[in-house]
Amino acid sequence: MNAKRIPGHVERVGLFGGTFDPVHLGHLILAEAALEELNLDRIIFIPAGVSPFKQDHPPGASPEARLAMLRLATADEPRFSVDDRELRRNGPSYTIETVRSLLGDHPGVRFLFLIGADNLADLPNWHEIGELMNLVDFAVLDRGKGGDAVAACGFPVVRRRIDLSSTEIRDRAARGLSIRFMVPEQVYELIMTQAPYRPASSHGHL
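Residues numbered from 1 in each chain as written. Predicted model: local features only at pLDDT ≥ 70, side-chain atom pairs only at ≥ 80, totals over all residues. Heavy atoms only, no water.

Peer 1: How should the pairing of strand S5 (residues 137–142) be read in this particular structure?
Peer 2: Note on strand geometry: in a regular strand, side chains alternate between the two faces of the sheet. Of all the six residues making up S5, five are buried; the element is thus mostly covered by neighbouring parts of the structure. For the crossover from strand S4 (residues 110–116) across helix H4 (residues 129–135) to S5, the handedness is right-handed. Pairing of S5 with strand S6 (residues 157–159), which is carried by three bridges, proceeds in the parallel orientation. If you follow Leu 141 over to S6, its bridge partner there is Val 158. The parallel pair S5 and S6, bridged by helix H5 (residues 147–152), forms a crossover whose chirality is right-handed. (Buried < 20%, exposed > 50% of the residue type's maximum accessible area, 1.4 Å probe, protein only. Helix = DSSP H or I, 4+ residues; strand = E, 2+ residues; numbered from the N terminus. Right-handed = clockwise from strand over helix to strand, strands pointing away. Pairing = 2+ DSSP bridges.)

Below, the structure written as structure tokens:
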């Protein structure tokens, strides 16, 4: 049961963007840690359509499959929700456009944008970054590999040592290797049945 809101409380909502190709347990661990350490009320997961920095390397799974996996992974946590507006938008997924749209839908909410430590170097190049930083606060999700960039960023940092990546999961799935304990059970079942990463001609046990 959710606690009653204190009068005048400003809802603090984390925005967790990414390709989620696929979503894995590391994403969920970091999201829960962010809830706790950043005093967030809830987190909105926002799967990207096409990242402006990865237009030559589109996601391996279809938008529909990535969205389905993310919804399955977050279904049992009432403080998690999924927003598909970037998947419904044509062209690259610019964060500033997403934030403006979300602010229109959620007036009075304080948004904290959760950025991976590996994305810090590109942050100054984000579209309309100056305006974006006026609209939201930033916090860094560091899986233990951020190094000096994280220490110098000036943002709140959530640290969890997690040696797990979507790239590794896609590679293992394509090679027919096990991913059973890397993703939530419901996501594992979807990958097993729909095979979004595994070549049709390959054989093996996931």
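Peer 1: Any chance you could explain the pairing of strand S1 (residues 12–18) here in plain terms?
Peer 2: Burial within S1 is extensive, with five of its seven residues counted as buried. The pairing of S1 with S4 spans five bridges and is parallel. Bridging from a neighbouring strand, Leu 15 pairs with Phe 113 of S4. Alignment of S1 against strand S2 (residues 42–47), held across six bridges, turns out to be parallel. Its bridge partner lying in S2, Val 13 is registered against Arg 42.

Peer 1: How should I be thinking about the side chain of Asp 21 in this particular structure?
Peer 2: Turning to its location among the elements, Asp 21 is positioned in the loop between S1 and helix H1 (25–37). Overall, Asp 21 belongs to the buried group, its relative accessible area being 2%.

Peer 1: Would you mind going over the pattern of salt bridges with me for this structure?
Peer 2: Should their charged atoms come close, side chains of opposite charge can pair. Summed over the entire model, instances satisfying the criterion amount to 13 salt bridges. Two residues, Glu 77 and Arg 79, come together in a salt bridge whose shortest N-O distance is 3.0 Å. Given the relative accessible area of 19%, Glu 77 is considered buried. Because the salt bridges share partners, they merge into one network encompassing Arg 71, Asp 84 and Arg 88. (Salt bridge = Lys/Arg side-chain N within 4 Å of Asp/Glu carboxyl O.)

Peer 1: Please clarify how helix H2 (residues 63–74) should be interpreted in this entry.
Peer 2: One turn of the α-helix equals 3.6 residues, which is why residues spaced by three or four share an orientation. Between its first and last C-alpha atoms H2 spans 17 Å; for twelve residues at 1.5 Å apiece the expected length is 16 Å, and the two agree. Turning to H2, its buried residues number three or more, namely Ala 65, Arg 66, Leu 67, Met 69, Leu 70, Ala 73 and Thr 74. Against H1, S2, strand S3 (80–82) and helix H7 (185–194) lie the buried residues of H2. (Expected span 1.5 Å × (residues − 1). Contact = heavy atoms within 4.5 Å.)

Peer 1: Please explain the packing of aromatic side chains as it appears in this structure.
Peer 2: We describe a pair of aromatic rings using the distance from one ring centre to the other and the angle between the two ring planes. Considering all chains together, one arrives at eight aromatic pairs under this definition. Between the aromatic rings of Phe 16 and Phe 20, the centroid separation amounts to 5.3 Å while the plane-to-plane angle is 75 degrees, which identifies the pairing as edge-to-face. On the basis of relative accessibility, which here comes to 6%, the residue Phe 16 falls in the buried class. Look at Phe 20 and you get buried, because its relative accessible area is 3%. (Phe/Tyr/Trp six-rings, centres within 6.5 Å; stacked < 30°, edge-to-face > 60°.)

Peer 1: Hey, could you run me through H7 in this one?
Peer 2: Taken together, the buried positions of H7 are occupied by Val 187, Tyr 188, Leu 190 and Ile 191. The buried side chains of H7 occupy one side of the element, clustering within an arc of 165 degrees when seen end-on. Seen from the buried face of H7, the exposed residues on the opposite side, beyond 90 degrees, are Glu 185 and Thr 193. Residues of H7 that are buried in the fold lie against H2. (Arc of directions from axis to C-beta.)

Peer 1: Any chance you could explain unusual backbone geometry here in plain terms?
Peer 2: Comment: phi is negative for the bulk of residues other than glycine, and the bulk of peptide bonds are trans. With an omega dihedral of 5 degrees, the bond running from Asp 21 to Pro 22 counts as a cis peptide bond. Among the structural elements, Pro 22 can be located in the loop between S1 and H1. For Asn 39, which is not glycine, the phi torsion reads 55 degrees and is therefore positive. With respect to the element layout, Asn 39 can be found in the loop between H1 and S2.

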